[in-house]
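Analysis of the macromolecular model
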Amino acid sequence: MLKRFYNLYARHKITYHNMRCNVKKFICILLVVCAAAMSTVFTACAKESTAASKYDIIAIYDSENRKLSGTVNFTYYNSTENEIKDLKFNLYGNAFREGAKHAPVSSAYTNKAYYDGVNYGSMTVQEVENCTGWNVGGEDENILTVTLLTPVYPEESVQISISYTLELAKVNHRTGVTKNTVNLGNFYPVLCAYSQEGFVECPYYSCGDPFLSECADYTVTVDLPAAYTAATSGKLENESTAGDRVKRTYSIKNARDFAMVLSDKFEVATQNVNGVQVSYYYYSDTSPQVSLTAACESVKYFSQTFGNYVYPTLCVVQTGFCYGGMEYPALTMISDELDSDNNVYTIVHENAHQWWYAMVGSDQINCAWQDEGLAEYSSLMFFENHPTYAFTRTGLLGSATKSYRAYYTVYNQIFGEADTSMNRHLKDYESDYEYTNIAYFKGLIMFDMLRQAIGDEKFAAGLKNYFEGNVFKIASCDDLFGCFISGGNDLEGFFNSFTEGKIVI
C-alpha cells in the first residue's frame, strides 16, 4: 500500500495530540547461517508443488443493498508437520462493523475515507459445513475457528464449506462501496497463515497492511448486474448472461489472496507484455495511455530485473481509495484523486508489490519495511532507468532522507528519543506518519546504502536470488539479508544497525 508523506505527494495535515511514549522496542537478532541450516518460519506453497489449498468461491452481489452473499468451498492441504484439528480464518470484512475494537481507518484519513459520513459494514458467517462446530471470536470478532470432523495429517486434505454475507460500508477503502466502484479486497474468509506457533490471527489495524496469508489456488464465480465490469486477480475462464445478471468465473494459481473491483463506469485499455495481459480500468483518467504505458513498462522492467511475473494477467484499477494505492495478487487499486505524476508513481510502486508481497511474501505485521521498503526502492530503480518520467533517483532519495530526518527531529522533541527500530508490530506505531518514515523511507535509504556498499552487480544479484529462492513463500528478514551476505559480504552489522535503530542518518 502506498502512504507517502513527501512534500510532493502529501495531501493531508497530520497533527499529533496526546501522544504517549509507549512504543515497545523490538530488537531482531539476525543470525545468518548457511542455507542448509535455515528453518522456515511459515509454511508455503512450493513453486514445484502440485498440492495446494484451494478456494472455490461463489459470490452474488446485490448493488441495491450493498451486500455480497458468498459461499467458500475450501480444500485445506496440510503442508505443515503437525496434525491440524482446527482451521482459523481471518474475517477482515468484520473490521468495518460498528463497535469494532480497531477502527479500519485512522483519524487522519477518516474524512477522506467516509465520503458520506461514517457508516458501517460487516462480515457474518451463516453456516459452516463438514465440521463438528465453529465459532467467531478472536481479539476483535475477526477470527472464524472451524473444528474439523477428524484431524488432518501432514500432506492430507480436507474440505469444508463456509456460507457468509458481506455488508459493505460506503467508504473509500479496500472493502467498500465508493462513488464509482465497489472495492472487494479481503471479501471472503481467508485461512490464517501457519507459523511455528500455530495459525496467525491478524487484527485489522488501520496502520499498514495487516494481512498475512499463504498461497493457494482460486476459482471465483461472481454473479452481478450485467452493467458491471469486474477487474479481478484472476483470468476470465467463462461467462454467462441471464436477464439483467451476468456470471463470470475467474481463476488464478499460487495466489496469496484474491481481490475484485466492480463498476458500471469502467473503460478498459489493454496491452500484452511478454505474454501477460496488462489491463488498465479507469473512468476519469484524461491520459489513460500514459497510465497503461507506466504499468506495462514497470512489469517489463521488474521481470527483467528481479524475475518473471508469474500470473497470466495484471489489472491496474482506478478506484475510490483514501490512500495512494493498494496491492493484491495480479490486481492493484489506484486512487482516483491522484494527479498525473502521482498516478504514475503509484502504479509503479503497487506493481513492484507484485514481486514484493504477492509473489514473495513477508511478515507485514512485524516487518512492514520488508515489502514496503523494497517496493519503494524498486520504484526508485525503475525511474532511474526510465528518465522520461518526472522522478529521479536523486530526487526520490533526497525526499525520503529529508522526510526521515524531519520525523526523527519531531519525535525526539515529542518523546525525548525517537524509536527508529524497523522490526516492530503494526500496533506499536504511534501514527501513520511514523509508519511511513520507518517502513517506506528508512527502508528505501537502507537499500540504497546497501547498494552503494556492495555495488550494482552484487545488489542486483542479491535481489534476484531473494526472488528466486522465495517465490510463493513467506520470506523472513534472514531470508532477505542472507541473499546479500551469502555473496561473501560482511553485512550483519550493517543490517543490525538499521533494524535495531542504531544508525544515524
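Residues numbered from 1 in each chain as written. Predicted model: local features only at pLDDT ≥ 70, side-chain atom pairs only at ≥ 80, totals over all residues. Heavy atoms only, no water.

**Section: the sheet that holds strand β3 (residues 84-90)**
Rules: Two strands pair under a simple rule: DSSP has to find at least two bridges between them. Runs of E in the DSSP output that reach at least two residues are strands. Runs of H or I that reach at least four are helices, and both are numbered from the N terminus.
Strand order in the open sheet made by the 4 strands is β5-β6-β3-β10, with antiparallel pairing throughout. Each of the sheet's edge strands pairs with one partner strand only, and the pair in question is β5 (131-137) and β10 (190-191). As paired elements, β3 and strand β6 (residues 143-152) share 6 bridges and run antiparallel to each other. Across the sheet, Leu 87 pairs through a bridge with Val 146, a residue of β6.

**Section: the packing of helix α2 (residues 288-305) against helix α4 (residues 369-384)**
Worth spelling out the cut-off: In this description, a line fitted to the C-alpha atoms serves as the axis of each element, helices being fitted only across the stretch in contact, and the angle between N-to-C directions of two axes falls anywhere from 0 to 180 degrees. When describing relative orientation, an angle under 35 degrees is termed roughly parallel and one over 145 degrees roughly antiparallel, while 65 to 115 degrees is termed roughly perpendicular and anything else oblique. In what follows, residue pairs with any heavy atoms lying within 4.5 Å of each other are defined as contacts. Under the convention adopted here, Pro, Cys and the residues Ala, Val, Leu, Ile, Met, Phe, Trp and Tyr are nonpolar, Asp, Glu, Lys and Arg are charged, and Gly plus all remaining residues are polar.
As a packed pair, α2 and α4 sit with axes 10 Å apart at the nearest point and diverge in direction by 105°. Comparing the axis directions of α2 and α4 gives the class roughly perpendicular. Note on element contacts: α4 touches α2 through Ser 378, Met 381 and Phe 382, opposite Ala 294, Glu 297, Ser 298, Tyr 301, Phe 302 and Thr 305. Its residues placed into classes, the contact of α2 with α4 shows 5 nonpolar, 3 polar and 1 charged.

**Some points on the packing of aromatic side chains**
Let me state the cut-off plainly: Between the rings of Phe, Tyr and Trp (Trp by its six-membered ring), a pair exists once the centres lie within 6.5 Å; its type follows the angle of the planes, with under 30 degrees stacked, over 60 edge-to-face, and the other angles tilted.
Applying the stated rule across the entire model yields 49 aromatic pairs. Taken together, a centroid distance of 5.2 Å and an interplanar angle of 55° make the contact between Phe 494 and Phe 498 tilted. Here Phe 498 and Phe 494 lie together in helix α9 (residues 492-499), a separation of 4 residues that amounts to about one turn.

**Let's talk about the sheet that holds strand β14 (residues 229-232)**
Spatially, the 4 strands line up as an open sheet ordered β8-β9-β17-β14, and their pairing is antiparallel. Looking at the sheet topology across the chains shown, the edges are occupied by β8 (175-177) and β14. Sheet twist, expressed as the average angle between the axes of neighbouring strands with direction ignored, equals 15°. Bridge count between β8 and strand β9 (residues 182-184): 3 bridges; the pairing is antiparallel. Following the sheet pairing, Thr 175 is matched in β9 by Leu 184.

**Things to note about the state of the cysteines**
Condition: Disulfide assignment relies on a single distance test, namely cysteine sulfur atoms paired within 2.5 Å. For the exposure calls, accessible area comes from a 1.4 Å probe over protein chains only, and a residue counts as buried if that area is under 20% of its type's maximum, exposed if over 50%, partly exposed in between.
Scanning all chains against the criterion turns up 0 disulfides. Distance from the sulfur of Cys 296, which forms no disulfide, to the nearest cysteine sulfur (Cys 315) is 12 Å. Here Cys 477 stays free of any disulfide, with the sulfur of Cys 367 as its closest cysteine sulfur at 3.3 Å. For Cys 477, a relative accessible area of 6% corresponds to the buried category.

**Thoughts on the nonpolar core**
To keep it simple, the criterion reads: Take the buried Ala, Val, Leu, Ile, Met, Phe, Trp, Tyr and Cys residues and link them wherever side-chain atoms come within 4.5 Å; each set so joined is a nonpolar core.
Counting 169 residues, the largest nonpolar core has Tyr 55, Leu 87, Phe 187, Tyr 188 and Tyr 218 as its most contacted members. Of all the elements, helix α6 (residues 432-454) adds the most residues to this core, at 12 residues. The residues contacting Leu 87, other than those within four sequence positions of it, are Phe 74, Tyr 76, Leu 144, Thr 145, Val 146, Leu 148, Ile 160, Leu 191 and Phe 199.

**Section: the pairing of strand β19 (residues 276-282)**
Note the cut-off: Assignment of crossover handedness uses the view with strands pointing away from the viewer, where a clockwise path from the first strand over the helix to the second indicates a right-handed crossover.
Taking burial as the measure, the 7 residues of β19 include 6 buried ones, the bulk of the element. Pairing of strand β18 (residues 267-273) with β19, which is carried by 7 bridges, proceeds in the antiparallel orientation. Note that in β19 the partner of Gln 271 across the bridge is Val 278. Once β18 ends, the chain turns through 2 residues before running back antiparallel as β19, passing Asn 274 with a positive phi of about 50°. Bridge analysis of β19 against strand β20 (residues 313-319) gives 5 bridges, and the strand direction is parallel. Its bridge partner lying in β20, Tyr 281 is registered against Val 317. Traced from β19 through α2 to β20, the parallel crossover comes out left-handed.

**A few points about the pairing of strand β17 (residues 260-263)**
Here β17 shows no split at all, with Met 260 and Leu 262 on one side and Val 261 and Ser 263 on the other all buried. For β9 and β17, the ladder comprises 3 bridges, and the chain directions are antiparallel. Bridging from a neighbouring strand, Leu 184 pairs with Met 260 of β17.

**Some words on the pattern of salt bridges**
Put simply, the rule reads: Take a side-chain nitrogen of Lys or Arg and a carboxyl oxygen of Asp or Glu: if they are within 4 Å of each other, that pair is a salt bridge.
Inspection of every chain in the model, using the stated rule, returns 20 salt bridges. Ionic pairing is found between Glu 139 and Lys 101, a salt bridge with its closest N-O pair at 3.6 Å. Residue Glu 139 is found in the loop between β5 and β6, and its partner Lys 101 is found in the loop between β3 and α1 (110-113); the two are separated by 38 residues along the sequence. Judged by its relative accessible area of 39%, Glu 139 falls in the partly exposed class. Across the salt bridge formed by Glu 337 and Lys 112, the nearest N and O atoms sit 3.7 Å from each other.

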